[in-house]
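# Examination of the molecular architecture
Spelled out from the first residue to the last, the chains are:
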Amino acid sequence: MPMLALRWIFGLVAGLAVLALATAAGGFFALRAAAPADTGTARVAGLQGPVDIVRDAFGVPHVWAEDERDLWFTLGYLHAQDRLVQLEFTRLIGQGRLAEAVGPRALPLDRLNRVLGLAREARRSYALAEPRARAQMDAYAAGANASLAARGALGWPVEFLWLGHRPERWEGWHTLLWGELMGLTLNAGWRDALVRARLGERLTPVLFQALWPQDGGPLAAAPADAPLAKLAGTLLEALPVAQAGASNEWVVAGSRTASGKPILANDPHLNLGSPGIWYLVRLEAPGALYAGATAPGAPALVLGHNGRVAWGFTTTNAGAADIYVERVDPQDAGRYLAPGGSRPFETREEILQVRGARPETLTVRATRHGAVISDVDALARASTGEGQVLALALPYMFAPDRTAQALMNVNRAKNAAEAAAATRDWLGPVQNMVYADVSGTIGQRTVGAIPLRAGAPSPLPYRGWAEDSGWTGFVPFESMPAREDPADGRLLNANERIVGPEWPFHLGYGFDPTYRARRIAELLDSRAKQDTAFHAALQADALSLFAREAIAAAASLAPADLRARAELARLRQWDGRMDATHPEPLVFAAWMRELTRRTLEIAAGDMAGELMRERPRLVLDVLAGTSAWCGAAGCAQLAEHALVAAVEWIAARHGSDPAKWRWGSEHRAPFENPLYARLPFLGELLSPDVPTNGDYYTVSRGSGRMSDPARPFAHVHGAGFRAVYDLADLDASLFVAAPGQSGDPLSPHWGDMARFWAEGRLLRFARVRAELGADARSLRLLPP
């Protein structure tokens, strides 16, 4: 489930935990024991021929069918069998119907998705898809429905029994909702525009460069006025919290490998939880092979290989969504101002059903730029009285979205050229696709719709009434960033800016620092002939170039506090590896967090908490003594006092003996299920909590939430899926998806990959049934 969904949704139903306490332990286990069978033989309506499903030791299904259509049918069957709660909530969220299941607290999310028209867009995309793509969606939906039909009276997950909710049948267009939600998650730069607007007159060019140094140039726009700052703040408070995606990808040519064929590696970074976003599978039929990561609700392989081509993605962080400030016509609240006179809002009514409450009628408005998202919240709607609303422009509002069809065609590509050509239909989210084929071609292409704007780009909301506002089209496919078979034999991206300043179009305002990319390049250039084990180790690398840079910048510091001085001396001897078993990473991380907090409080006042996240330029300037916010006492004192406070914070939590401090005591991946995590006893029992290496800046990325006072360093965002593809033998490719395959907390595969993943290990899929062993769990599906 996309990250907008999983954590936020179950938080909404936390109050239902009381019902769980009323369920006797025996009843709970009995309900879970009613899970669908994964062994034996079953007659299943909708199949065209027999299908064999054999699971490996981690529960990864290996599927053999007689035709490709039955592969996608079986994928839908498996997703509904192993991840039904995830599958159902993805559909409800995408349709803006979550409140039907969990009650009024889901209304802000439902309103947002109704205003944005995600379900309407999914229906439209389904209708526009070519027949082969629609047939694949329909086969997947039929498989999900067959799995639902196979459940007995007690076969529903306990979450549904608590809620009194029963899943509806799937339709083909439902399979597009996952992509719509993921697109919204990964196209979140417009939220930063709202944050910058909320800063109002505090957003000086100096502060902009300190907070967003990678964002493509100086602040050229005037700060937001007070009414806009107020409206932006009100809307931000109403929207569900989102954490942007990230990823690593690279591919090396055969000239750099021991086999003489390319090796491709990819690890997307999203929220971590139980169950995870990704579901591993190997699907095979005559003339068809698909292996890699799928997502419950999506009817294709998202990341993987097809026996001929391997591919992966990173988020481009492109500016493919804009916020527009629209002025309401003072003479008629049903109209807004535009060049040449006012125009009427486009309107429609949406009825939101609410569990345990009366239905709500929502009037959805749109302008020439996009949907009026300030209508999702009553307080923001009230701001219309001040004459302004906020509209959001997204690519699908102006062009047909055939992204799902494009992904299906990438799945079927016979070579690198076909894989690249398939992305011509890709609308969003904008991604950097890396690919390689068995003939030895490697490539990287930015795919998706990047808007062309009538006026100059801005990091703030645009003036909707201006002559030069609005989009005039999208960057042509032929002009998108693309490279193939480079002379140096390698291509990589780690969410840094994919193009240089010479690119003639505006790319965006939200790029990651270059630390991960630089480290990947350094390691790729460190060995002449590489194998998959080398690339798997690179994915697990936990050396922080930022830590080395920060410690070097702090060379002149000399804190008076003895404990702080001792810890700084130890940091100066440290190699910068964020190793879970060492104390130095904990001291460093706590110091950087405290220094960030103190500097933001000076620079941004009461907005410091909202801006709390990794701000490398902000703290490096303080350590170097060049910051504008050090005050009369000076930068050295600010940095030294932050170190003293950080050491005190650690001692209060982990004792006074630094020799016993460990990064892994704080940097742990809890893989929480946000519903079960709130239940006494069960919460701890069902969370596969593991210590991990790395941090925000390392190749093995392990991000936390710096603003969380209780667990600021918990590893809640990172590479839930890792893969290394060997184009010399794609069946020898390596995979892992944490924490496990199952969405059932009592399944042995709920969290059995978590420690395996934390140790940087990967598994290989079986090529043939015999490799899985005679004891492997096997299910044969037969037509009626």
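Within each chain, residues carry numbers counting from 1 in the order of the written sequence. In view of the model being predicted, local features appear only for residues whose pLDDT reaches at least 70, and side-chain atom pairs are presented and counted only at 80 or more, with totals across whole chains, interfaces and linings using the full set of residues. To obtain the side-chain values, all non-hydrogen atoms of the structure were included, while hydrogens and water were left out.

## Brief notes about the packing of helix H22 (residues 584–604) against helix H24 (residues 616–624)
Close contact between H22 and H24 brings their axes to 9 Å; oriented N to C, the two are set at 90 degrees. Classified by the angle their axes make, H22 and H24 are roughly perpendicular. Contact with H22, carried on its side by Trp591, Met592, Leu595, Thr596, Thr599 and Leu600, involves Leu618, Val619, Val622 and Leu623 of H24 and no other residues of that element. A fitted line through C-alpha atoms serves as each axis, taken over the contacting stretch for helices, and the angle formed by two N-to-C directions is quoted from 0 to 180°. The secondary structure listing takes helices from DSSP runs of H or I that are at least 4 residues long and strands from runs of E that are at least 2 residues long, numbered from the N terminus. Comment on the angle field: the value is read as roughly parallel under 35 degrees, roughly antiparallel over 145, roughly perpendicular from 65 to 115, and oblique elsewhere. The contact criterion used throughout is that any non-hydrogen atoms of two residues lie within 4.5 Å.

## Here we look at the environment of serine 778
On the secondary structure map, serine 778 appears in strand E30 (residues 777–782). Linking serine 778 and glycine 334, residues 444 residues apart in sequence, is a C-alpha distance of 62 Å. Discounting chain neighbours no more than four positions away, the residues touching serine 778 are Asp38, Thr39, Gly40, Ile53 and Val54.

## Considering the environment of glutamate 594
Mapped onto the fold, glutamate 594 is located in helix H22. Measuring from C-alpha to C-alpha, the distance between glutamate 594 and alanine 645 comes to 7.2 Å, with 51 residues separating the pair along the chain. The definition of a polar contact used here is a pair of N or O atoms within 3.5 Å, where within protein one atom must be able to donate a hydrogen and the other to accept one, and adjacent residues in sequence count solely through side-chain atom pairs. Polar side-chain contacts of glutamate 594 include one of 2.4 Å to the side chain of arginine 597. A polar atom in the side chain of glutamate 594 sits 2.6 Å from the side chain of arginine 598.

## Structural notes on the state of the cysteines
Note on disulfides: each one is a pair of cysteine sulfur atoms within 2.5 Å. Following the criterion strictly, the structure yields one disulfide and no others. Residue cysteine 630 pairs covalently with cysteine 635 via a disulfide, S to S 1.8 Å. Given an S-S torsion of about 95 degrees, the disulfide between cysteine 630 and cysteine 635 has right-handed geometry. Exposure class is identical for cysteine 630 and cysteine 635. Each is buried. Burial status follows relative accessibility: with a 1.4 Å probe on protein chains alone, a residue under 20% of its type maximum counts as buried, one over 50% as exposed, and anything between as partly exposed.

## A closer look at unusual backbone geometry
With omega at 5 degrees, the peptide bond leading from glycine 428 into proline 429 counts as cis. Structurally, proline 429 can be placed in the loop between helix H17 (416–422) and strand E17 (431–437). Backbone torsion omega between alanine 738 and proline 739 reads 0 degrees, so that peptide bond is classified as cis. Relative to the assigned elements, proline 739 resides in the loop between strand E29 (734–737) and helix H27 (754–758). One non-glycine residue, aspartate 485, adopts positive backbone phi at about 45 degrees.

## A few points about the pattern of salt bridges
One side-chain nitrogen of Lys or Arg within 4 Å of one carboxyl oxygen of Asp or Glu is enough to make a salt bridge. The full count for this structure, using the stated rule, is 43 salt bridges. Linking aspartate 375 and arginine 365 is a salt bridge whose minimum nitrogen-to-oxygen distance equals 2.9 Å. With a gap of ten residues between them, aspartate 375 in the loop between strand E15 (371–372) and helix H15 (378–382) and arginine 365 in strand E14 (residues 360–366) connect regions that are remote in the sequence. Residue classification places aspartate 375 among the buried positions, given a relative accessible area of 2%. Accessibility expressed as a relative area gives 13% for arginine 365, which makes it buried. Two residues, arginine 617 and aspartate 621, come together in a salt bridge whose shortest N-O distance is 3.0 Å. Of this pair, arginine 617 and aspartate 621 both sit in helix H24, four residues apart, which is roughly one turn of the helix. Arginine 617 gets classed as partly exposed once you look at its relative accessible area, which sits at 33%.

## Details of the nonpolar core
Side chains that are nonpolar tend, in soluble globular proteins, to be buried together. We define the nonpolar core as a collection of buried residues of types Ala, Val, Leu, Ile, Met, Phe, Trp, Tyr and Cys that are connected through side-chain atoms lying within 4.5 Å of one another. Ranked by internal contacts, the top residues of the largest apolar core, which has 184 residues, are Leu116, Trp278, Phe721 and Tyr725. Take this core: its biggest share by element is eight residues, from helix H9 (residues 131–149). Setting aside chain neighbours within four positions, we find phenylalanine 721 in contact with Asn266, Asp267, Pro268, Trp278, Leu280, Ala293, Leu303, Phe735, Val736 and Ala737. Grouped together as the second largest cluster of nonpolar side chains are 42 residues, Leu586, Leu620, Leu623 and Val644 included.

## A short note on helix H11 (residues 177–186)
Counting buried positions along H11 gives nine out of ten residues, so the element sits mostly inside the fold. The complete set of buried residues in H11 reads Leu177, Trp178, Glu180, Leu181, Met182, Gly183, Leu184, Thr185 and Leu186.

## Examining the confidence of the model for the protein chain
The quantity known as pLDDT measures the predictor's confidence residue by residue, on a range of 0 to 100. Considering every residue of the protein chain, the mean pLDDT works out to 92; 93% of them sit at 70 or more. In the predicted structure, residues 1–26 sits below a pLDDT of 50 and forms 69 contacts with residues beyond four places in sequence or in another chain.

## Focus on the packing of helix H21 (residues 562–573) against helix H25 (residues 635–654)
Running from amino to carboxyl end, H21 crosses H25 at an angle of 95 degrees, the nearest separation of the two axes being 9 Å. With respect to H25, the axis of H21 lies roughly perpendicular. Side by side, H21 and H25 meet where Arg563, Ala564, Glu567 and Leu568 of the first sit next to Leu643, Val644, Val647, Glu648 and Ala651 of the second. Of the residues in the contact of H21 with H25, the class split is six nonpolar, no polar and three charged. Three classes are used, and their members are as follows: Ala, Val, Leu, Ile, Met, Phe, Trp, Tyr, Cys and Pro are nonpolar, Asp, Glu, Lys and Arg are charged, and the others, Gly among them, are polar.

## Details of the sheet that holds strand E3 (residues 61–65)
Ordered by their spatial adjacency, eleven strands build an open sheet running E1-E30-E2-E3-E6-E7-E8-E9-E17-E18-E22, and the pairing between neighbours is mixed. Sheet topology places strand E1 (40–43) and strand E22 (482–484) at the edges, where each strand pairs with a single neighbour. Mean inter-strand twist for the sheet, computed between neighbouring axes without regard to direction, equals 15 degrees. Note: two strands are recorded as paired if DSSP finds a minimum of 2 bridges between them. Relative to strand E9 (residues 309–315), strand E8 (residues 303–305) is paired through two bridges, and the arrangement is antiparallel. In the strand pairing of E9, glycine 304 is matched with tryptophan 311.

## What to know about the packing of aromatic side chains
The pairing test for Phe, Tyr and Trp rings, Trp by its six-membered ring, is centres within 6.5 Å, and the orientation test on the planes gives stacked under 30 degrees, edge-to-face over 60, and tilted for anything in between. Per the counting criterion, the structure on display carries 27 aromatic pairs. Ring plane angle 50 degrees and centroid distance 4.9 Å describe the contact between tryptophan 72 and tyrosine 290, whose orientation is recorded as tilted. Pair noted here: tryptophan 72 is in helix H4 (residues 68–82) and tyrosine 290 is in strand E7 (residues 288–294), with a separation of 218 residues, a long-range link. Tyrosine 290 shares its class with tryptophan 72; the two are buried. Note on tryptophan 178 and tryptophan 278: the rings are 6.3 Å apart at their centroids and 65 degrees apart in plane angle, and the pair reads as edge-to-face. Here tryptophan 278 lies in the loop between strand E5 (263–271) and strand E6 (279–285) and tryptophan 178 lies in helix H11, a separation of 100 residues in the sequence. When sorted by exposure, tryptophan 178 lands in the same class as tryptophan 278, which is buried. Each member of the aromatic cluster is reached from another via a ring pair, and the members are Trp178, Trp278, Phe721, Tyr725, Phe735 and Phe765. Over the ring of phenylalanine 477 we find arginine 445, and its NZ or CZ is 4.3 Å from the ring centre. When the NZ atom of lysine or the CZ atom of arginine is within 6 Å of a ring's centre and also within 35 degrees of its normal, the charge is said to sit over that ring. One residue, arginine 615, lies across the ring of tryptophan 212, its end atom 5.4 Å from the ring centre.

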